[in-house]
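Residues per chain, in single letters:
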Amino acid sequence: MQNSKPQRRSDCPISFSLDLLGDSWSLLIIRDIIFAGKKTFGEFLASDEGIARNILTNRLSRLEAMGLITKSPHPTDKRKDLYALTEAGLDLLPVLWELSAWGAKHEPETAETFAGLADIPMDKDSLIQLIRKTVQNGGSVFVGPGNLIDQLEQC
């Protein structure tokens, strides 16, 4: 795949990060992998935000080219590919955590989902590491086998 790394406008790390992730779709795809366990094009397409097919195709290709996700053939359905986060993609977990906290604080209608995570009796860094391990093992925070919420309820 050709490298679609954006041209840097400056040596500012915030500018670089925004060049890479400044559109909402990229972070929403990463959110869907971490929190909802989505792994296929069709699952991303079904997200509430209603991304267009061509935009989704573009963002998945770009995230793969930037080394934030990987794409592999689906083991049972050769028409599909599976997407997973790389270590660099997982490194965005604290950023998504803080965006969630900020959104919950400033828009109360969005607070319910984040409140469930914020109320877990564990310090934030430990919880983020547990989420990271869960996603690395193919799970997610809220959905599917081995999800984080079920893990915590079993403790």
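The shown structure was predicted, so the numbers you read here are calculated from the model rather than taken from an experiment. (Residues numbered from 1 in each chain as written. Predicted model: local features only at pLDDT ≥ 70, side-chain atom pairs only at ≥ 80, totals over all residues. Heavy atoms only, no water.)

**Describing the overall build of the chain**
Using the following cut-off: Counting from the N terminus, the helices are DSSP H or I runs at least four residues long and the strands are E runs at least two residues long. Between buried and exposed lies partly exposed: a residue is buried under 20% and exposed over 50% of the maximum accessible area for its type, with that area taken using a 1.4 Å probe on protein chains only. In this description, contact between two residues means that some pair of their heavy atoms is separated by no more than 4.5 Å. Under the convention used here, a 1.4 Å probe and the Shrake-Rupley method define accessible areas, while residue burial counts only the protein chains that appear. A residue counts as positive if it is Lys or Arg and as negative if it is Asp or Glu; His and the chain ends are not included. To locate a charge, take atom NZ for lysine, CZ for arginine, CG for aspartate or CD for glutamate.
Secondary structure assignment for the chain yields nine helices and two strands. For the chain, the N- to C-terminal ordering of α and β elements is α-α-α-α-β-β-α-α-α-α-α. Seen through its C-alpha atoms, the chain measures out along the principal axes to roughly 45 × 45 × 25 Å. Counting all 155 residues of the chain, 35% fall into the buried class. The contacts of the chain with a sequence gap of at least 6 include a subset with a gap of at least 24, amounting to 50%. If you sum the accessible surface of the chain, you get close to 9,500 Å²; carbon and sulfur atoms cover 54% of it. Each charge class in the chain was averaged separately, 17 positive and 21 negative side chains, and the resulting centres sit 8 Å apart.

**Focus on the layout of surface pockets**
Our working definition: The way it works is a 1 Å grid over only the protein atoms, where trapped points that fit a 1.4 Å probe form a cavity and open points with protein on both sides within 12 Å along at least five of seven lines form a pocket, and then any residue with an atom within 4 Å of a point lines it. Grid points are joined across faces, edges and corners, and a volume is the space filled by probe spheres set on the points. Think of it as three bins: nonpolar holds Ala, Val, Leu, Ile, Met, Phe, Trp, Tyr, Cys and Pro, charged holds Asp, Glu, Lys and Arg, and polar takes everything else, Gly as well.
The calculated volume of the largest pocket comes to roughly 640 Å³. Lining the largest pocket we find 23 residues, and of these Leu 28, Arg 31, Phe 35, Ser 100 and Thr 113 sit closest to its centre. Partitioned by chemical class, the residues of the lining of the largest pocket number 13 nonpolar, five polar and five charged.

**Concerning empty space enclosed by the protein**
Per the counting criterion, the structure on display carries one cavity of 30 Å³ or more. Around the largest cavity sit Trp 25, Leu 28, Ile 29, Arg 31, Asp 32, Phe 44, Ser 47, Glu 49, Ile 51 and Leu 56, which together line it. Tallying contributions element by element places helix α2 (residues 24-36) first for the lining of the largest cavity, with five residues. Residues that form the lining of the largest cavity fall into these classes: six nonpolar, one polar and three charged.

**Some remarks on the confidence of the model for the chain**
Our working definition: The predictor attaches a confidence to each residue, and that confidence, scored 0 to 100, is pLDDT.
For the chain, mean pLDDT is 90; residues scoring 70 or higher make up 95% of the total. For the chain, the element scoring lowest by mean pLDDT is helix α7 (residues 111-118), at 80; strand β2 (residues 81-85) scores highest, at 98.

**Overview of the nonpolar core**
Definition in use: Only buried Ala, Val, Leu, Ile, Met, Phe, Trp, Tyr and Cys residues count toward a nonpolar core, and they belong to the same one when joined by side-chain atoms within 4.5 Å.
Counting 33 residues, the largest nonpolar core has Leu 21, Ile 30, Ile 34, Leu 85 and Ile 131 as its most contacted members. No other element matches α2, which puts six residues into this core. If sequence neighbours within four positions are ignored, Leu 21 has contacts with Ser 26, Leu 27, Ile 30, Leu 63, Leu 68 and Leu 92.

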